[in-house]
Amino acid sequence: MYNPSSLNAEEFICHDEALASIAYASENRNNLGLVDSIIEKAERKKGLSHREASVLLACDVPEKVQKIYALAERIKQDIYGNRIVMFAPLYLSNYCINSCSYCPYHAKNKHIARKKLTQEDIVREVTALQDMGHKRLAIESGEDPLNNPIEYILESIRTIYSVKHRNGSIRRVNVNIAATTVENYRKLKDAGIGTYILFQETYHKQSYEKLHPAGPKHNYAYHTEAMDRAMQGGIDDVGIGVLFGLERYRYEFAALLMHAEHLEAVHGVGPHTISVPRVKRADDIDPDEFGNGIDDETFAKICACLRLAVPYTGMIISTRESKATREKVIRLGVSQISGASKTSVGGYGSPDSEEENSAQFDVSDNRTLDEVVCWLMELGFIPSFCTACYREGRTGDRFMALCKSGRISDCCHPNALMTLKEYLEDYASEQARRTGSALIRRELGNIPNERIRYIAAERLEKIAAGQRDFRF
Ligand code: SAM
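Residues numbered from 1 in each chain as written. Predicted model: local features only at pLDDT ≥ 70, side-chain atom pairs only at ≥ 80, totals over all residues. Heavy atoms only, no water.

- In the nomenclature of an unreviewed UniProt entry, the chain is known as [FeFe] hydrogenase H-cluster radical SAM maturase HydG of Bilophila wadsworthia.
- Check the Cofactor (unreviewed entry) section of the UniProt entry for the chain; it says "[4Fe-4S] cluster". (UniProt positions renumbered as here; feature names shortened; annotations may be inferred.)

Section: the nonpolar core
- Counting 157 residues, the largest nonpolar core has Leu90, Leu188, Tyr196 and Ile337 as the members making the most contacts within it.
- Dropping the residues within four chain positions of it, Tyr196 is found in contact with Val175, Ile177, Ala178, Ala179, Tyr185, Met227, Ala230, Ile235, Asp237, Val238 and Gly239. (Core = buried A, V, L, I, M, F, W, Y, C linked by side-chain atoms within 4.5 Å. Buried < 20%, exposed > 50% of the residue type's maximum accessible area, 1.4 Å probe, protein only. Contact = heavy atoms within 4.5 Å.)

Considering the environment of Leu34
- Relative to the helices and strands, Leu34 is located in helix H3 (residues 32-43).
- Expressed as a C-alpha distance, the spacing of Leu34 and Leu56, which sit 22 residues apart in the sequence, is 9.5 Å.
- With residues up to four places along the chain from it excluded, the contact list for Leu34 reads Tyr24, Asn28 and Val55. (Helix = DSSP H or I, 4+ residues; strand = E, 2+ residues; numbered from the N terminus.)

A closer look at the site of the ligand
- Tyr102, Ser141, Glu201, Lys217 and Lys280 are the nearest of the 19 residues found near the ligand.
- Taking Ser141, its main chain carries an N or O atom lying 2.9 Å from a nitrogen atom of the ligand.
- Cavity membership is defined here by more than half of the atoms lying within 2 Å of grid points; on that basis the ligand lies in the largest cavity. (Near = heavy atom within 4 Å. Polar contact = N/O pair within 3.5 Å; in protein donor to acceptor, adjacent residues only side chain to side chain. 1 Å grid on protein atoms, 1.4 Å probe; cavity = no way out; pocket = protein on both sides within 12 Å on 5 of 7 lines; lining within 4 Å. Sits in = over half its atoms within 2 Å of the grid points.)

As for the pattern of salt bridges
- Taken as a whole and judged by the stated rule, the model has 31 salt bridges.
- We note a salt bridge from Asp131 to Arg166, for which the minimum N-O separation is 4.0 Å. Remark: Arg166 occurs in the loop between helix H7 (150-162) and strand S3 (172-176) and Asp131 occurs in helix H6 (residues 119-132); sequence separation between them is 35 residues.
- Residue Arg166 is classed as exposed on the basis of its relative accessible area, which comes to 70%.
- Among the ionic pairs, Arg281 bridges to Asp288, the shortest N-O distance being 3.9 Å.
- Exposure remark for Arg281: the relative accessible area of 42% places this residue in the partly exposed category.
- If you follow the salt bridges from partner to partner, you end up with Arg171, Arg391, Glu392, Glu422, Asp469 and Arg471 in one network. (Salt bridge = Lys/Arg side-chain N within 4 Å of Asp/Glu carboxyl O.)

Quick word on empty space enclosed by the protein
- Scanning the entire structure with this criterion turns up seven cavities of 30 Å³ or more.
- The calculated volume of the largest cavity comes to roughly 470 Å³.
- Roughly 390 Å³ of internal volume is contained in the second largest cavity.
- Only helix H5 (62-80), strand S1 (83-93), helix H17 (388-391), helix H18 (396-405) and helix H19 (409-426) provide two or more residues apiece to the lining of the second largest cavity.
- Residue contributions to the lining of the second largest cavity reach at least three from each of two domains, namely domain 2 (80-366) and domain 3 (406-465). (Points joined across faces, edges and corners; volume = space filled by probe spheres on them. Domains from an automatic or database assignment.)

Brief notes about the layout of surface pockets
- Its boundaries defined by the atoms lining it, the largest pocket holds a volume of some 330 Å³.
- Around the largest pocket, the lining comprises 18 residues; the ones closest to its centre are Lys46, Glu264, Ala309, Val310 and Lys404.
- Per element, the largest residue contribution to the lining of the largest pocket is four residues, and it comes from helix H12 (residues 249-267).
- Taken together, the residues of the lining of the largest pocket break down into nine nonpolar, four polar and five charged.
- In terms of domain composition, the lining of the largest pocket takes at least three residues from each of domain 1 (13-76) and domain 2 (80-366). (Nonpolar A, V, L, I, M, F, W, Y, C, P; charged D, E, K, R; others polar.)

Quick word on helix H16 (residues 369-378)
- The buried count for H16 comes to eight of ten residues, which makes it a mostly enclosed element.
- Directly beyond the C-terminal end of H16, a positive phi value near 95° is found at Gly380.

Some details on helix H13 (residues 296-309)
- Compared with an ideal rise of 1.5 Å per residue, which puts 14 residues at 20 Å, H13 spans 20 Å between its outermost C-alpha atoms and is within 8% of the ideal.
- In terms of residue burial, H13 counts as a mostly covered element, since twelve of its 14 residues are buried.
- Within H13, the full set of buried residues consists of Thr298, Phe299, Ala300, Lys301, Ile302, Cys303, Ala304, Cys305, Leu306, Arg307, Leu308 and Ala309. (Expected span 1.5 Å × (residues − 1).)

Section: the pairing of strand S5 (residues 238-241)
- In S5, alternate side chains face the same way, and those of Val238 and Ile240 on one face and Gly239 and Gly241 on the other are all buried.
- As paired elements, strand S4 (residues 196-197) and S5 share two bridges and run parallel to each other. Bridging across to S5, Tyr196 finds its partner in Val238.
- In terms of strand pairing, S5 meets strand S6 (residues 273-275) through three bridges, oriented parallel. Bridge pairing links Gly241 to Ser275 in S6.
- Crossover S5 to S6 through H12 is right-handed. (Pairing = 2+ DSSP bridges. Right-handed = clockwise from strand over helix to strand, strands pointing away.)

This is how it looks when you write it as structure tokens:
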């Protein structure tokens, strides 16, 4: 029985409800009156139910699909402006006792180089990331209680925050580690993490169990209920996601939104972010094996429909996607992207062949951070290295309330400009500096509040004079 308020995975991600939603969407996909009424509802920026959003995803009337894309662009612009938040993943360890069929870190893979960063290695990695200009990381690790216990993760977070190289610092560490206990989530919260991220991989229980035949991750309920434990442990911001390509995308789409509805119903706040990774070729992994790959057009439509369904939830895309795909979806709703990522353990500090052999999957965007920054600015976006919200206590429902009131732009816009200015001063190429300075001058005028505009201008001058880390 479908019950978004239940704490039982199979009730809030109800299989029958997901199937019924797909069937309803299929029957109604060209019901133009219904499609229009759902688009009109989405225009109010209050979101859509998983069923309503499923109808839009299924609709294939070209004129309506264009309307969905246009609205996604408008909502993106209204809520997030032209800012794109930058981050990089940091792989701590690829030791893993799980058996995920899509991941080369699975325990049976004997020829991948296994590596775990020491604290000295972490200092080297973080220094290299800081020297590129990164301020926000997502740490990644396999699940292995002996090699990567929670104490190791906590120590690594402390090390990351402690590194201050030249003007560099990592100001927000998001964490993507396996589902764990309330007690461990509390420890992560106390260590000052930003978002706790965990991908569901697939919401389809039967497929989930097949794709994770052994190891702790086999337990569907434990994995699916992880965000409830994280929130019980005091973590306000959680990031959910599906690994597209494993199961049928319409099922995953409906279930992903059911998960968001569940978090809202139980904790009063939905997910902070949604990630939309697609399964990639990797060491001993062939994505075609799963038979559910989605083309770029479907992928873009998923992003657009998510933007309409959960307008205030950030959307993340990684370097799994190519420059061309990224260009398309940052217009349609994606608000955070990674840049210059290495998916190998130790790949930033010493990118030699052994480390590359520890890579998790092939990346499709191999550009440097500076190239990504230039590209974004040339497209009219503001690359933002901002980490202010969680450092100012704007997390969970406080963040959402501010977001929904529209007042968040008074913070985000100047913060984006100030952190971009830091990037230009400390790390940028000549070309980035030229383009960025003109962009900042132009965008300063777009801060609506006069007082904030004045303070931001003052702070930009102070940054040019060598001061750092201002925030609204
Ligand atoms: N080990 C943790 C867990 O089990 O949730 C999280 C860390 S794992 C390094 C991060 C994510 O990488 C996984 O959740 C999965 O979705 C993704 N991933 C694994 N194999 C992949 C592949 N071949 N292509 C794309 N993404 C992959």
